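# Analysis of the macromolecular model
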There are 2 protein chains.
Amino acid sequence: MTRLFNDPAAFADEALEGFAAAHRGWVRPVTGGVVRAVGTPSGQVAVVVGGGSGHYPAFSGLVGRGLAHGAAVGNVFASPSARQIRSVARSAHGGAGVLLMYGNYAGDVLHFGQAAERLAGDGIEARTFAVTDDISSAAPHESAKRRGIAGDLPVFKAAAAAAEEGLPLAEVLRVAEHANARTRSFGIAFSGCTLPGADHPLFTVPEARMAVGLGIHGEPGIGEEPLPTADEAARLMVGALLKELPEDVAAPAGQRAAVILNGLGSVKYEELFVVYRKVAELLADAGVDIVDPEVGELVTSFDMAGVSLTLTWLDDRLEQLWRAPADTPAYRKGAPAAQEPATEPAPVAEDTDDTRVPAATEQSRAAAATVLAALNALTDTVDTHADELGRIDAVAGDGDHGIGMRRGTTAALRAAVRAHDLGAGAGTVLVHAGDAWADRAGGTSGALWGTILRSLGTRLGDQDAPDAEAVARGVSDASDAVRRLGGAEVGDKTMVDVLVPFADALTEAAAAGDPLTEAWQRAAVTAEKAAAATAGLLPRKGRARPHAEKSLGTPDAGAHSLALITRAVHGVLPDHPLDQH
Amino acid sequence: MTRLFNDPAAFADEALEGFAAAHRGWVRPVTGGVVRAVGTPSGQVAVVVGGGSGHYPAFSGLVGRGLAHGAAVGNVFASPSARQIRSVARSAHGGAGVLLMYGNYAGDVLHFGQAAERLAGDGIEARTFAVTDDISSAAPHESAKRRGIAGDLPVFKAAAAAAEEGLPLAEVLRVAEHANARTRSFGIAFSGCTLPGADHPLFTVPEARMAVGLGIHGEPGIGEEPLPTADEAARLMVGALLKELPEDVAAPAGQRAAVILNGLGSVKYEELFVVYRKVAELLADAGVDIVDPEVGELVTSFDMAGVSLTLTWLDDRLEQLWRAPADTPAYRKGAPAAQEPATEPAPVAEDTDDTRVPAATEQSRAAAATVLAALNALTDTVDTHADELGRIDAVAGDGDHGIGMRRGTTAALRAAVRAHDLGAGAGTVLVHAGDAWADRAGGTSGALWGTILRSLGTRLGDQDAPDAEAVARGVSDASDAVRRLGGAEVGDKTMVDVLVPFADALTEAAAAGDPLTEAWQRAAVTAEKAAAATAGLLPRKGRARPHAEKSLGTPDAGAHSLALITRAVHGVLPDHPLDQH
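Worth saying up front: this structure is predicted, and the values here are computed from it rather than measured.

What counts, and at which threshold
Residues numbered from 1 in each chain as written. Chains lettered and ligands numbered in written order. Predicted model: local features only at pLDDT ≥ 70, side-chain atom pairs only at ≥ 80, totals over all residues. Heavy atoms only, no water. UniProt positions renumbered as here; feature names shortened; annotations may be inferred. Helix = DSSP H or I, 4+ residues; strand = E, 2+ residues; numbered from the N terminus. Pairing = 2+ DSSP bridges. Axes fitted to C-alpha atoms, helices over the stretch in contact; angles between N-to-C directions. Contact = heavy atoms within 4.5 Å. Buried area = accessible area lost by both parts, 1.4 Å probe. Salt bridge = Lys/Arg side-chain N within 4 Å of Asp/Glu carboxyl O. Polar contact = N/O pair within 3.5 Å; in protein donor to acceptor, adjacent residues only side chain to side chain. Least-squares fit on C-alpha atoms with pLDDT ≥ 70 in both. Phe/Tyr/Trp six-rings, centres within 6.5 Å; stacked < 30°, edge-to-face > 60°. Buried < 20%, exposed > 50% of the residue type's maximum accessible area, 1.4 Å probe, protein only. Lys NZ or Arg CZ within 6 Å of the ring centre and 35° of its normal. Core = buried A, V, L, I, M, F, W, Y, C linked by side-chain atoms within 4.5 Å. Parallel < 35°, antiparallel > 145°, perpendicular 65-115°, else oblique. Nonpolar A, V, L, I, M, F, W, Y, C, P; charged D, E, K, R; others polar. Domains from an automatic or database assignment.

Taking the UniProt record as the reference, the feature "domain: DhaK" (unreviewed entry) is found at residues 7–331 of chain A. Regarding residues 7–331 of chain A, the helix share stands at 32% and the strand share at 25%, and the terminal C-alpha atoms are separated by 30 Å.

Here you go:
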């Protein structure tokens, strides 16, 4: 139970602020997260890690010499936005490129990927790497789909230690890949966690039961068993990890391994030590030599009760990197050499310059007014339906769809009003709105909606009067981008099930010569039918919750909200081309 | 909820074993606890800390360079025994004496005090120091009665840093006194904790309420209020601490302070950071300069939900000691100079040599058989009444009286049988039984019962046939020793309410010429009446639980068990002097 907070919506920001105040010797707050107080040494690759809040010491607690150069910190259980990541990466950049590292979750993959693209636009070479250590989240032949949990630490650390040696970006990335390929975790859980301000747990495990492989946000595990003794828990975890050795490790005997026994939140140190006692014994029995074990809370999930075991199978190189000194707020090893503060990095230019917009034609500025009206209608609709969207999402997701959509639409509308006041055209208004949505909503849907508005805006531009054909092309671009970024196809029970037929219907109607309002009306009907049809589909793999089978009969929340929005937007479209509004 | 354990009775030992296995670079396990892996530098005062298990990182996690030289670790929430403390202190001793440090709890005061006496007998100069930082546990004019909580850390650290400088024992003790005089804590709690194997919490706080000043074992606080926001919690704690400044601090403005925001177990890091954000702001507003703050879990209580704030008001000397480097499993600061391993300390002789006993006369050996029979009867009685004793204790205590008495009597009987087999006289059998009781039972009652048997045994010796007068003198010695050690007087609703009248009645009857059995019978009747009378008394201050008023009408568990035991022992006394048995 999370009890100590002020405004729940401000929790993540206030926690980061307090964290930074308590650790001035290590970190310096920047927009979107923290970077090392001493800066990144010039010519050193910067390792920037990140993810949602609620997992402390992941991610801010791992910033410091020998480990991360910066951490981008999102809202509670939500990925940081591309804008946050870009800001942290720019502050951490030491002139030799940036490696962005995170656990393998859809939202993080999206936002870090977008950030890397924008960093490239800034002239900063950036690569991304998602940790995939949780062996219960996908089968061995699909190991790239696995989630990242406490294996984040040894993989981050290996890459960071390589960066500290002065290796170039490509080499640091290779080290990350190698460490990840040799890192495996397996976890068990006894209870879920309660987020700040919530009156019930986000997910639960039945009393006196153990969920095997349950993810740290409640993602599905591989089974449920009676509560084990400490020794049985050790046996289960060690057994699972010894069964799936890395390809280049023939047998455990004679191997050396970094061992992390991680507490998820409310399992206490003493319990971890009782379990570790048996873990050490079992690994010794298997002939494994334990190197610098860590027993404690390293990747948590608020007050979730659970424990995971991570092994990184060491070769000489990985052992050297694992043993290298580190000095961060939450993780210290050896005595890293004192380091002169780097020169203060130049202040980071904000992603969106709030005071200037590109020049726009009169007709595009007129169309921007319609865009504003559409965003207003969209915001109203989400507001009205937020509880309903949350309820639908709670059946198979984490129930925060309504909250995220509200945060996103509110921010988008404000950014759009600001851009419009500055004289922006339709395209720029949409781009600003999309960036604000992605930045404030967080999570997967935030990234996808940000992409939708940005794609549409980019296609409309600030010169021409957007007609049905241009809008249809923009929506098709958005549809393509969402499929590319989200990796979902029609039939996966996601918003793609609605977006693709909507875009197709719009394109078809525009090609047939329908004016925008009629074309949109036709497409909106198609969207509503498609959203209703998602109720008959099984939820998409990998995103669903333990009891996801219940979601059969319930439409997908993302699909449903998209259909609602297409309908609401239709209500504000003029009866004539947008430029005549 | 503590879920991961094997045999709950083995929890503390197994946790210590796992802890030591995970931290080989820092600590080495010894009988009774751990010492620094590198040993104590020759000529350096050894600071040995300790207390019950369940408070990690207190106490084992604080052993290492710059902090403790050793930690004596008791059972769950029970003081380590004098034997354990003596063993750890002997292992940690570097030739310059030992400072024993602990939080101010009755059981710890007893056991550490006894250990210091025995260390003196070993030729090792030992001093004791109890930390008293919790301002809600007693009024300012009774500050010596206050409990020790998270203030343990800065007080231990100041003393240890002084020891590390090479100061002599008397100076190190003076530093501890000075640091303690300038250290104040104030805590709030939202829930109690559940011990390994228990099916309900040891104590509770009502839903959505906050217990102000609740002790970490459920000791009474100063009130109950609605759950605060994080900012309100910060305001409450800072306000309380700024109201009670040390005598030599006139006003907070311009002062420097070490600040510790401590989580008790299931309050998460992020929550602590949100609270710390406001704590830092309020202290800055008051003109206080924060030096090296610590935000995290430093003195816990299993999964108890709560938080405490500690301030140590620094002068130049204390600031120097607070800033000094330290390197322990749970607390690191700066980079302590690497230290050559000290020479391996000589193995510690066990307190009780199991293979030899002092020579005894035939008549004392005969009396030893009666002692055995009495211990057997005593063990049976405790066994039969364990649940009842637990229930009585649960009204105003922590409900573990039955469990502790069982552990103690079982160990005492086994030690007595062993000594008797080796040909020991009555005195030695009692001394061995007493030491084993104190060692295995832990807690206050273990120490007091150990003292009772030891006092009686010392008076009886191994030469004479114990008659009524000798037994009465022995019981009177025991009564005096218990009063001295426990600090209780008749009327405080403790076992002293029974022991004193029992000893007096026994002495009177013996003086009147009654043989032992009759004298004992008369005294046992007195004991039973005295035990029943405790039901009408208010519980003794400082030991009671939040809802202790309920205990009016319930006898004290310690008094009740003593009366039961005197009755049971009477049943095995011979009708003639013990030597003719």
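Residue and element names in this part refer to chain A. Read from one edge to the other, the open sheet built from six strands follows the order β9-β8-β7-β12-β10-β11, with strand pairing classed as mixed. The sheet is open, and its two borders are formed by β9 (223–226) and β11 (289–296), each paired with just one other strand. Averaged over all pairs of adjacent strands, the angle between their axes in this sheet comes to 20°, without regard to strand direction. Sheet topology note: the strand β8 (residues 209–212)/β9 ladder contains four bridges and is antiparallel. Bridge pairing links Ala211 to Glu224 in β9. Contacts between helix α6 (residues 230–243) and the sheet are confined to β7 (183–191), β8, β10 (256–263) and β12 (305–314), with β7 contributing the most and set at about 150° to the helix.

Reports often express the size of an interface as the amount of accessible area lost when the parts come together. Across the boundary between the two partners, chain A contributes 48 residues, which contact 48 residues of chain B. Where chain A abuts chain B, roughly 4,300 Å² becomes buried across the two surfaces, and 64% of that area is made up of carbon and sulfur atoms. At the junction of chain A and chain B, the tally comes to six salt bridges. Residue Glu17 of chain A pairs with Arg277 of chain B through a salt bridge whose shortest N-O separation is 3.1 Å. At the boundary of chain A and chain B, one finds 26 residue pairs in polar contact (both at pLDDT 80 or more). At the level of secondary structure, the elements contributing two or more residues to the side of chain A that touches chain B comprise α1 (11–22), β7, α6, α7 (269–285), β11, β12 and β14 (332–333) of chain A.

Turning next to the sheet that holds strand β8 (residues 209–212) of chain B. All names here are of chain B. Strands sit in the order β9-β8-β7-β12-β10-β11 across an open sheet of six strands; the sheet is mixed. Only two strands of the sheet have a single neighbouring strand rather than two, namely β9 (223–226) and β11 (289–296). Across the sheet, the axes of successive neighbouring strands diverge by a mean angle of 20°, strand direction being ignored. Where helix α5 (residues 169–181) meets the sheet, its contacts fall on β7 (183–191) and β12 (305–314), and the angle it forms with β7 comes to roughly 55°.

For the pair of chain copies, the relating transformation is a rotation about an axis with a translation along it. Of the transformation superimposing chain A on chain B, the axial component is 0.1 Å and the angular component is 179°, with the fit at an RMSD of 0.2 Å. On this basis, the relationship between the two copies can be described by a two-fold rotation axis. Here 100% of the contact residues of chain A are again contact residues in chain B; the copies associate through an equivalent surface.

Here a ring pair, both rings aromatic, is described through the centre-centre distance and the interplanar angle of the planes. Tallied over the entire structure, the rule returns 22 aromatic pairs over all chains. Both rings, one in Tyr269 of chain A and one in Tyr56 of chain B, keep their centres 5.0 Å apart while their planes meet at 45°; by these two values the pair is tilted. Here the residue Tyr269 of chain A occupies a position in helix α7, and Tyr56 of chain B occupies one in the loop between β3 (46–53) and β4 (70–76), the pair thus bridging two chains. Each member of the pair, Tyr269 of chain A together with Tyr56 of chain B, is buried. Their ring planes at 40° and their centres at 6.4 Å tell us that Trp322 of chain B and Tyr331 of chain B sit as a pair that is tilted. Judged by its relative accessible area of 3%, Trp322 of chain B is buried. Given the relative accessible area of 1%, Tyr331 of chain B is considered buried. An aromatic cluster is present here, built from Phe19 and Tyr56 of chain A together with Tyr269 and Phe273 of chain B joined pairwise through their rings. Over the ring of Trp322 of chain A we find Lys333 of chain A, and its NZ or CZ is 3.9 Å from the ring centre.

All right, on to the nonpolar core then. Counting 216 residues, the largest nonpolar core has Met101 of chain A together with Met101 of chain B as the members making the most contacts within it. With residues near it in sequence (within four places) discarded, Met101 of chain A still touches Val47, Val48, Val49, Gly50, Phe112, Phe129, Val155, Phe156, Ala159 and Ala176 of chain A.

Helix-helix packing is described using two parameters, namely the angle between the two axes and the distance between the axes. Orientation of α1 of chain A relative to helix α7 (residues 269–285) of chain B, taken along the N-to-C sense of each, is 75°, at an axis distance of 7 Å. Comparing the axis directions of α1 of chain A and α7 of chain B gives the class roughly perpendicular. Facing Phe11, Glu14, Ala15, Glu17, Gly18, Phe19, Ala21 and Ala22 of chain A of α1 of chain A, the residues of α7 of chain B in contact are Glu270, Glu271, Phe273, Val274, Tyr276 and Arg277 of chain B. Among the residues making up the contact of α1 of chain A with α7 of chain B, the classes are represented as eight nonpolar, one polar and five charged.

What follows deals with the domain arrangement of chain A. Residues and elements named next belong to chain A. Once the domains are mapped, chain A shows domain 1 (1–131), domain 2 (179–193 + 203–323) and domain 3 (362–580). One C-alpha centre belongs to domain 1, the other to domain 2; they are set 26 Å apart. At the interface, 15 residues of domain 1 touch 12 residues of domain 2. Between domain 1 and domain 2, the buried area comes to about 1,100 Å², and carbon and sulfur atoms account for 60% of it. Among the residues of domain 1 in contact with domain 2, His55, Phe77 and Tyr105 are the three that bury the most area, contributing 41% of the side total. For the pair domain 1 and domain 2, the interface holds zero salt bridges. Linking domain 1 with domain 2 are six residue pairs in polar contact (both at pLDDT 80 or more). The element contributing the most residues to the side of domain 1 that touches domain 2 is strand β6 (residues 126–131), with three residues. In terms of residue class, the side of domain 1 that touches domain 2 is made up of 11 nonpolar, four polar and no charged.

Okay, the side chain of Arg86 of chain A next. Residue and element names in this part refer to chain A. Structurally, the position occupied by Arg86 is in helix α2 (residues 82–92). Since its relative accessible area comes to 8%, Arg86 is described here as buried. Engagement of the side chain of Arg86 in a polar contact is seen with the side chain of Asp122, the distance being 2.6 Å.

A word on unusual backbone geometry. Most of the time, phi is negative for any residue but glycine, and the peptide bond is trans. Here the amide bond leading from Tyr56 of chain B into Pro57 of chain B is cis, since omega sits at 10°, within 30 degrees of zero. Tracing the backbone shows Pro57 of chain B in the loop between β3 and β4. Omega for the peptide link from Ala58 of chain B to Phe59 of chain B comes to 10°, which places this bond in the cis form. Counting through the fold element by element, Phe59 of chain B comes out in the loop between β3 and β4. A positive phi angle is found at Ala208 of chain A, which is not glycine, with a value near 65°. In this fold, Ala208 of chain A is placed in the loop between β7 and β8. Of note, Asp292 of chain A is a non-glycine position whose phi angle comes to about 45°, a positive value. Summarising the element assignment, Asp292 of chain A is placed in strand β11.

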